[in-house]
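Geometric and topological summary
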Amino acid sequence: DTAVSQTPKYLVTQMGNDKSIKCEQNLGHDTMYWYKQDSKKFLKIMFSYNNKELIINETVPNRFSPKSPDKAHLNLHINSLELGDSAVYFCASSQDGRGNNEQFFGPGTRLTVL
Amino acid sequence: GDSVTQMEGPVTLSEEAFLTINCTYTATGYPSLFWYVQYPGEGLQLLLKATKADDKGSNKGFEATYRKETTSFHLEKGSVQVSDSAVYFCALYYLTARQLTFGSGTQLTVLP
């Protein structure tokens, strides 16, 4: 059973389009995250939700909007895609927002903006 | 702010060689420290962690000791295998930040 799943795995699209990435976790965790990994493997947190409530919102353009319909899902919608949005996006979850708890990562979504 | 500095890669070793990947951190107080590993084409997985000074985390033959005096958490393995080829990330969590801060990652390639 996949613990944290993301769809799609690959996403190729044109500049200016709007796209969504979906994430689901079946671990019963309260906290979910979105990370962006650039081409040099640098990993940066974008958002964190705890029980559907936004708790971390880093300096991310407001073209990025997370949506959490329930605590098992955290989707990422991106408007007006730009070349610089090309990256691998990882969803993760943890038991709660406390840092000592392990974060479980999804397999990633490779977004390519042409 | 909190930050993590990792040894730059890539690192290439022969099978059965000794591995050290250096990691130092800057943080006020006493953060929890982690090593995550990312195998090719996959997401990150927790490798080991330590939550207080002098704690040693260990898993799959890897070890790291939380050294408060040198603000370090170096990753070591006595004998690497080809299957250890991956990117290794050092990370810290400090309560007031409420998030993991990752180092830049170190690519390890082990040759047979």
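What counts and how
Residues numbered from 1 in each chain as written. Chains lettered and ligands numbered in written order. Predicted model: local features only at pLDDT ≥ 70, side-chain atom pairs only at ≥ 80, totals over all residues. Heavy atoms only, no water. Pairing = 2+ DSSP bridges. Helix = DSSP H or I, 4+ residues; strand = E, 2+ residues; numbered from the N terminus. Axes fitted to C-alpha atoms, helices over the stretch in contact; angles between N-to-C directions. Salt bridge = Lys/Arg side-chain N within 4 Å of Asp/Glu carboxyl O. Buried < 20%, exposed > 50% of the residue type's maximum accessible area, 1.4 Å probe, protein only.

**Regarding the sheet that holds strand S8 (residues 62-65) of chain B**
Residues and elements named next belong to chain B. Strand order in this open sheet of four strands is S3-S9-S8-S7, and the pairing throughout is antiparallel. Lying at the two open borders of the sheet, with one neighbouring strand each, are strand S3 (19-21) and strand S7 (56-59). Taken pair by pair, the neighbouring strands of this sheet meet at an average axis angle of 15 degrees, ignoring direction. The pairing of S8 with strand S9 (residues 75-77) spans three bridges and is antiparallel. Residue pairing in the sheet places Glu63 in a bridge with Glu76 of S9.

**Describing the sheet that holds strand S7 (residues 64-70) of chain A**
Residues and elements named next belong to chain A. A sheet is described by the order of its strands in space; here four strands give the open sequence S1-S3-S8-S7, paired in antiparallel fashion. Taken across any chain shown, the strands that pair with only one partner, and hence form the sheet edges, are strand S1 (4-7) and S7. Within the sheet, the average angular offset between the axes of one strand and its neighbour, ignoring direction, is 20 degrees. The sheet contact formed by S1 and strand S3 (residues 19-25) spans four bridges and is antiparallel. Note that in S3 the partner of Ser5 across the bridge is Glu24.

**Brief notes about the pattern of salt bridges**
Counted under the stated rule, the structure contains six salt bridges over all chains. In this structure, Asp85 of chain A engages Arg63 of chain A in a salt bridge whose closest nitrogen and oxygen atoms are separated by 2.8 Å. A residue pair is termed long-range when its members are at least 10 positions apart, and Asp85 of chain A in the loop between strand S8 (73-78) and strand S9 (87-94) and Arg63 of chain A in the loop between strand S6 (53-57) and S7 qualify at 22 residues. Exposure class is identical for Asp85 of chain A and Arg63 of chain A. Each is buried. Close ionic contact of Glu63 of chain B with Lys56 of chain B constitutes a salt bridge, the shortest N to O distance being 3.6 Å. Here the salt bridges share partners, and the residues they tie into one network are Arg63, Glu82 and Asp85 of chain A.

**Some remarks on unusual backbone geometry**
Cis geometry marks the peptide bond from Thr7 of chain A to Pro8 of chain A, where omega comes out at -5 degrees. By the secondary structure assignment, Pro8 of chain A is in the loop between S1 and strand S2 (10-13). A cis geometry characterises the amide bond from Gly9 of chain B onward to Pro10 of chain B, with omega recorded as -5 degrees. Within the secondary structure layout, Pro10 of chain B lies in the loop between strand S1 (3-6) and strand S2 (11-14). Look at Glu16 of chain B: it is not a glycine, yet its phi comes out positive at around 75 degrees. Note on placement: Glu16 of chain B falls in the loop between S2 and S3. Overall, Glu16 of chain B belongs to the exposed group, its relative accessible area being 61%. Of note in this structure, Asp54 of chain B is not a glycine but carries a positive phi near 75 degrees. Take Asp54 of chain B: it is sitting in the loop between strand S6 (44-50) and S7.

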